[in-house]
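# Observations on the model geometry
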Amino acid sequence: MEGAGKSKVVQWGQGGVQEVALPLVKVQSLVVQIGHAMVLTAGGDVYTWGRQDDRHPTLGDGVAVRVRPPGLPHRVEFPSSPERIQVMVLEAAGLAEEAGAEEEEAVPGANDGPGADPIVHIASSSTASFAVSQRGRLYIWGRMWRITAPRPVLLEPRGLSLRVLEASISQNVVLLRAVKGAAGRVLSCLYVLGQNNATGTLEVRRVGGAVRDTPVAGIASSGTHFACCNEYGQVYTWGKNILSMPAGEFGPVLGVASDDPVVPEPLPVPGLGSTKRDKDAPRIVQVTCGEGYTLARSADGLVYAWGFSGGHGAMGLMGADDVV
């Protein structure tokens, strides 16, 4: 609830409603996971509370406190000289020869203080958290891949400079929306960040397919699939298209022109976004993913859903079949 320049965050639980003891700040976004929660303020500060342990230090405070209640949120500190882990950026063949794709310094100098490079985006899984700064730096804390970081660690790209805009986590893979070069490019593209199991190194690769040359505006992911929308309001999905459940197989669920069990590259979802053939189609401005289903919000404020409801109406479509 917002009022006179401040926000109030409350948490529902078995003990009823408990107010989160944040300072008088304006909350920009919230992330909730199993066991912990995270808040990003309009001023670029990050606060966390919930559960953690030595194996999964999800709160980013460097202290092995098992439970930090909502009454004692922690402000995550991003050090001026953070520990750095190198990430190799491996582009598709021919991309490095594109104009302006030369390697640049990814992180121009040390952070000049908490106000010089504020956090603008947060994301989290059940074991790890990510933060993106205004300059496009990507931080991680918690446990993921071979990383166990009780405090924020900077993931530093090597091979080709990237300025990260947004991150979305799907199991052991992170979907990134980023632009090339420290100064930024007009076209924001899709990348995936993961660990090479053979070498143990972290690698970033460009997502190809139908989104390769489209300006990406938003991303989302779940444990089964990915989705994105571009600046024209078109939606693309990829990942598991046929779900194997105890009651049988369900699908296709991605809403694309494919019946394959797995769609390896992004394909467009028909009927969404303005095209030459359908200029009156709804223009999508936001997408989000559940386990086997996708939701999309249009510029007109309407919500569209498709996929597998799980048999309990997860998509909010009254009377609809399990698969839409």
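See the structure shown above.
Right, let's walk through the structure included here. (Residues numbered from 1 in each chain as written. Predicted model: local features only at pLDDT ≥ 70, side-chain atom pairs only at ≥ 80, totals over all residues. Heavy atoms only, no water.)

With mixed pairing, the 9 strands of this open sheet are ordered in space as β11-β12-β13-β14-β10-β18-β17-β16-β15. In the strand order of this sheet, the two ends are held by β11 (119–124) and β15 (162–170), each with one partner. The sheet shows a mean angle of 30° between the axes of neighbouring strands, direction not considered. Two elements, strand β13 (residues 138–144) and strand β14 (residues 147–158), share 6 bridges in a ladder whose sense is antiparallel. Across the sheet, Gly-142 pairs through a bridge with Ala-149, a residue of β14. (Pairing = 2+ DSSP bridges. Helix = DSSP H or I, 4+ residues; strand = E, 2+ residues; numbered from the N terminus. Axes fitted to C-alpha atoms, helices over the stretch in contact; angles between N-to-C directions.)

A word on the sheet that holds strand β27 (residues 303–307). The strand order across the open sheet built from 3 strands is β25-β26-β27, with neighbouring strands paired in antiparallel fashion. The open sheet has two edge strands, β25 (284–290) and β27, and neither has a second partner. Direction aside, the axes of adjacent strands within the sheet are offset by 20° on average.

To continue, consider the side chain of Asn-241. Within the secondary structure, Asn-241 sits in the loop between β21 (235–240) and β22 (243–245). For Asn-241, a relative accessible area of 0% puts it in the buried group. Within the structure, the side chain of Asn-241 is placed 3.0 Å from the backbone nitrogen of Leu-254, a separation counted as a polar contact. Excluding residues within four positions of it along the chain, Asn-241 makes contact with Phe-250, Gly-251, Pro-252, Val-253, Leu-254, Ser-258, Asp-259, Asp-260, Pro-261, Val-262 and Val-263. (Buried < 20%, exposed > 50% of the residue type's maximum accessible area, 1.4 Å probe, protein only. Polar contact = N/O pair within 3.5 Å; in protein donor to acceptor, adjacent residues only side chain to side chain. Contact = heavy atoms within 4.5 Å.)

Core analysis: the largest hydrophobic core is formed by 28 residues, its most contacted members being Leu-175, Leu-190, Cys-228, Val-235, Trp-238, Ile-284 and Val-287. Taken together, the elements giving at least two residues each to this core come down to β19 (216–221), β20 (225–230), β21 and β25. Here this core gets 4 residues from one element, more than from any other, and that element is β20. Judged by nonpolar contacts, the second largest core, of 27 residues, contains Ile-140, Trp-145, Val-153 and Tyr-191. (Core = buried A, V, L, I, M, F, W, Y, C linked by side-chain atoms within 4.5 Å.)

Let us now look at the pairing of strand β6 (residues 36–41). Counting buried positions over the 6 residues of β6 gives 6, a clear majority of the element. Along β6, one buried face is formed by His-36, Met-38 and Leu-40 and the opposite face, lined by Ala-37, Val-39 and Thr-41, is buried too. Alignment of strand β5 (residues 27–33) against β6, held across 6 bridges, turns out to be antiparallel. Within the sheet, the bridge partner assigned to Leu-30 lies in β6 and is Val-39. Counted between consecutive antiparallel strands, the loop separating β5 from β6 contains 2 residues, among which Gly-35 sits at a positive phi close to 100°. The sheet contact formed by β6 and strand β7 (residues 46–51) spans 5 bridges and is antiparallel. Its bridge partner being in β7, His-36 is matched across the sheet by Gly-50. The antiparallel pairing of β6 with β7 creates a hairpin that spans 4 residues between the two strands, and Gly-44 there sits at a positive phi of about 90°.

This part takes up the side chain of Ser-129. Summarising the element assignment, Ser-129 is placed in strand β12 (residues 128–133). One polar contact links Ser-129 to Ser-124, side chain to side chain, over a distance of 3.2 Å. In this view, Ser-129 contacts His-36, Met-38, Thr-58, Ala-123, Ser-124, Tyr-139, Ile-140 and Trp-141; residues no more than four positions away in its chain are not counted.

Remember that the coordinates give geometry; whether it matters functionally is a separate question.
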